[in-house]
Amino acid sequence: MSNELPSSAVIFLALFGLFYASFDVLVEGRILGLKSNSEPDDSLVYLWPLPSQFSHGEATISVDPGLSLDLGGNGGDSSIVREAFQRYREIIFKHSSGEKADYDLNKIKILVKSDNETLHLGVDESYSLYVAKQSDLSIFGDATIEANTVYGALRGLETFSQLCSFNYGTKSVEVHKAPWLIQDEPRFVFRGLLLDTSRHYLPIGIIKQVIESMSYAKLNVLHWHIIDEQSFPLEIPSYPNLWKGAYSKWERYTVEDALEIVEFAKMRGINIMAEIDVPGHGDSWGAGYSDLWPSPTCHEPLDVSNNFTFDVISGILTDMRKIFPFELFHLGGDEVNTDCWSLTPHVKQWLQTHNMTAKDAYQYFVLRTQGLAIAKNWTPVNWEETFNTFQANLHPQTVVHNWLGPGVCPRAVAKGFRCIFSNQGVWYLDHLDIPWEGFYTSEPLEGIDDASAQKLVLGGEVCMWGEAADSSDVQQTIWPRAAAAAERLWSRREVISAGNLNGTVLPRLQYFRCLLNRRDIPAAPVKNTLARRPPFGPGSCYEQ
């Protein structure tokens, strides 16, 4: 990730310093909060997640509903940037504007240094944003976003959209506390959300809505847990009968559906990390190919003794590689109960012939599957049980995905592995009793003090397991608690760790929840004792 500032940003920074000497995010402790009547205080600042550095003035400027786009740089004339600008125009100018002769801000200039649109782990998402009247700084004026990549430009557009608010009195869009200077970049390269479509099928429109809402919180990886023991909804052309594991003929994803979701996500700067959870979560596979089961009465783990099992896995990976370009692929490996192998005569004989225990066979299965993924130019991600059980033999490229509890990432990075933090006690969205504070205060680098070891923590992921969530309630379960983790993953640790949860963070999270509602995302009230509960009575969105 580059910290390089465009030359014009350096000039602007120097000029801006003449006006405002400090880039302290918590300006005199008054940057966040609500009025006593629960109405958002327009004199305060509401941005989520907090940018790395920002400063502002005290002016209010009006924004032209005919706001135009001025593109520059090698990557400026990009369909990704153009389409994002149109999306954000619709968000910013959702209300019809009144008649006004003149506006302070008529255009936004976006300068993108690189024309490389490859979306990969660690892609540069940094940006600088300047918003000022033409009279304030004549060499700039209006609004300018500068970024090294189109994905940094997307993050800048999101921040700009949050600065814009509709004034119901003047019926115009305004930016308060201008002029603005924001320099921003994410703290972690992996900021994820797991979405489970096996326990309950989610229509494509719902998945897209989740992806759209992720972009508002600057999350950048959708971990698509497509397949599990309950259902197999994804089309695999090499082995078409796997589709028989779907709940019904209507609850399926075609190859074209999956490609559409990947492209939709890319346009919002979000990677899709797909998963097949083997060998322990493969019951649904046998609906189409019963030979994958050790026996008709013992369905999982998948049959380790049968080469056909690995032929099917290889075919799945081959087909999925044509869909999912992201370099990380999740191979599962969790919750493997090997009793089925030990109790099935032909598998038991195979174990004896190969001088293996059932635990050895578990390792063999995981390592062989890793090899198949690596041969297809994927980096394997595995749940922490694989590391806990046979860490010395895991492929060194393995990314260890924590979930069972704390302390895993410190042990993994000490052995040289990269790690993703998802401690179920604090970052599992299906645990409805975890309040937003639990998500916000949990630190992926807890217990890791060495700087080189800290770099091995890619980031973290909140997990939306689907046993008790479907289209009717999944978004209310995700938001706003996922946003609490999103700021932990994006913003500077020293700033968010120092924030007063109830005095500064809570009102800003409440504001972001209401922003999601205004953008048609059904985020639940922030202060619920259990997640996704509706309000208990009348009241302002900004205090629930």
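Above: the structure in question.
Residues numbered from 1 in each chain as written. Predicted model: local features only at pLDDT ≥ 70, side-chain atom pairs only at ≥ 80, totals over all residues. Heavy atoms only, no water.

J.: What is the right way to look at the nonpolar core in this model?
T.: For soluble globular proteins, nonpolar side chains are generally found buried alongside one another. Counting residues in hydrophobic clusters, the biggest one holds 149 residues, and the most contacted among them are Trp285, Met320, Phe324 and Trp479. Setting aside anything within four residues of it in sequence, one finds Trp285 in contact with Ile227, Phe232, Leu242, Ile276, Val278, Leu292, Leu302, Val312, Ile313 and Ile316. Val221, Leu328, Ile420 and Leu458 belong to the second largest nonpolar core, which has 10 residues in total. (Core = buried A, V, L, I, M, F, W, Y, C linked by side-chain atoms within 4.5 Å. Buried < 20%, exposed > 50% of the residue type's maximum accessible area, 1.4 Å probe, protein only. Contact = heavy atoms within 4.5 Å.)

J.: Got a minute to help me understand the packing of helix 4 (residues 204-216) against helix 5 (residues 255-266) in this structure?
T.: Between two packed helices, both the angle of their axes relative to each other and the distance between the axes serve to describe the pair. The contact between helix 4 and helix 5 brings their axes to 10 Å, and the two run at 15°. The orientation of helix 4 with respect to helix 5, classified from their angle, is roughly parallel. The crossing of helix 4 and helix 5 is right-handed. Residues Ile204, Ile207, Lys208, Ile211 and Glu212 of helix 4 lie in contact with helix 5, whose contacting residues are Asp257, Glu260, Ile261, Phe264 and Ala265. In the contact of helix 4 with helix 5, the residues fall into six nonpolar, no polar and four charged. (Axes fitted to C-alpha atoms, helices over the stretch in contact; angles between N-to-C directions. Helix = DSSP H or I, 4+ residues; strand = E, 2+ residues; numbered from the N terminus. Parallel < 35°, antiparallel > 145°, perpendicular 65-115°, else oblique. Left-handed = near helix turned anticlockwise from the far one by under 90°. Nonpolar A, V, L, I, M, F, W, Y, C, P; charged D, E, K, R; others polar.)

J.: I keep staring at the side chain of Ser78 and nothing clicks. Help me out?
T.: Within the fold, Ser78 resides in the loop between strand 1 (53-72) and helix 2 (79-92). Relative accessible area serves as the criterion here: at 2%, Ser78 is assigned to the buried category. In contact with Ser78, not counting residues within four places along its chain, are Glu117 and Val150.

J.: I keep staring at the environment of Asn148 and nothing clicks. Help me out?
T.: Looking at where Asn148 falls in the secondary structure, it is placed in the loop between strand 4 (142-147) and helix 3 (150-163). C-alpha separation for the pair Asn148 and Leu71, spaced 77 residues apart in sequence, amounts to 13 Å. Looking at Asn148, its side chain comes within polar contact range of the side chain of Asp124, at 3.0 Å. (Polar contact = N/O pair within 3.5 Å; in protein donor to acceptor, adjacent residues only side chain to side chain.)

J.: Where do I start with the pairing of strand 4 in this structure?
T.: It is a general feature of regular strands that their side chains alternate between the two faces of the sheet. In terms of burial, strand 4 is largely enclosed, as six of its six residues are buried. As paired strands, strand 2 (residues 105-112) and strand 4 are joined by five bridges and run parallel to one another. Looking across to strand 4, one finds that Val112 is bridged to Ala147. Pairing of strand 3 (residues 127-132) with strand 4, which is carried by six bridges, proceeds in the antiparallel orientation. Counterpart to Leu129 in the pairing with strand 4 is Ile145. (Pairing = 2+ DSSP bridges.)

J.: Before we go on, may I ask you to explain the state of the cysteines in this structure?
T.: The bond known as a disulfide is covalent and runs between the sulfur atoms of two cysteines. For the structure shown, the criterion picks out three disulfides. Each disulfide pairs two cysteine sulfurs, and for Cys298 the partner residue is Cys340, the sulfurs being separated by 1.8 Å. On the criterion of sequence distance, the pair formed by Cys298 in the loop between strand 9 (271-274) and helix 6 (307-321) and Cys340 in helix 7 (residues 339-343) is long-range, its members being 42 residues apart. Each of the two residues, Cys298 as well as Cys340, counts as buried. With a sulfur-sulfur separation of 2.0 Å, Cys514 is cross-linked through a disulfide to Cys541. The S-S bond linking Cys514 to Cys541 shows a torsion near -120°; that makes this disulfide left-handed. Here Cys514 is found in helix 18 (residues 501-518), whereas its partner Cys541 is found in the segment after helix 18, with 27 residues between them in sequence. (Disulfide = S-S within 2.5 Å.)

J.: Can you walk me through helix 8 (residues 345-353) in this structure?
T.: Given 3.6 residues to a turn, an α-helix orients residues that are three or four positions apart in the same direction. Looking at helix 8, one finds that the buried residues are Val347, Trp350 and Leu351. Considered in projection along helix 8, the buried side chains sweep an arc of 100° and stay on one side of the axis. Those residues of helix 8 that are exposed and aimed more than 90 degrees away from the buried face are Pro345 and Thr353. At its buried positions, helix 8 is contacted by helix 7 and helix 9 (358-375). Immediately downstream of helix 8, the backbone of Asn355 shows phi near 55°, a positive value. (Arc of directions from axis to C-beta.)

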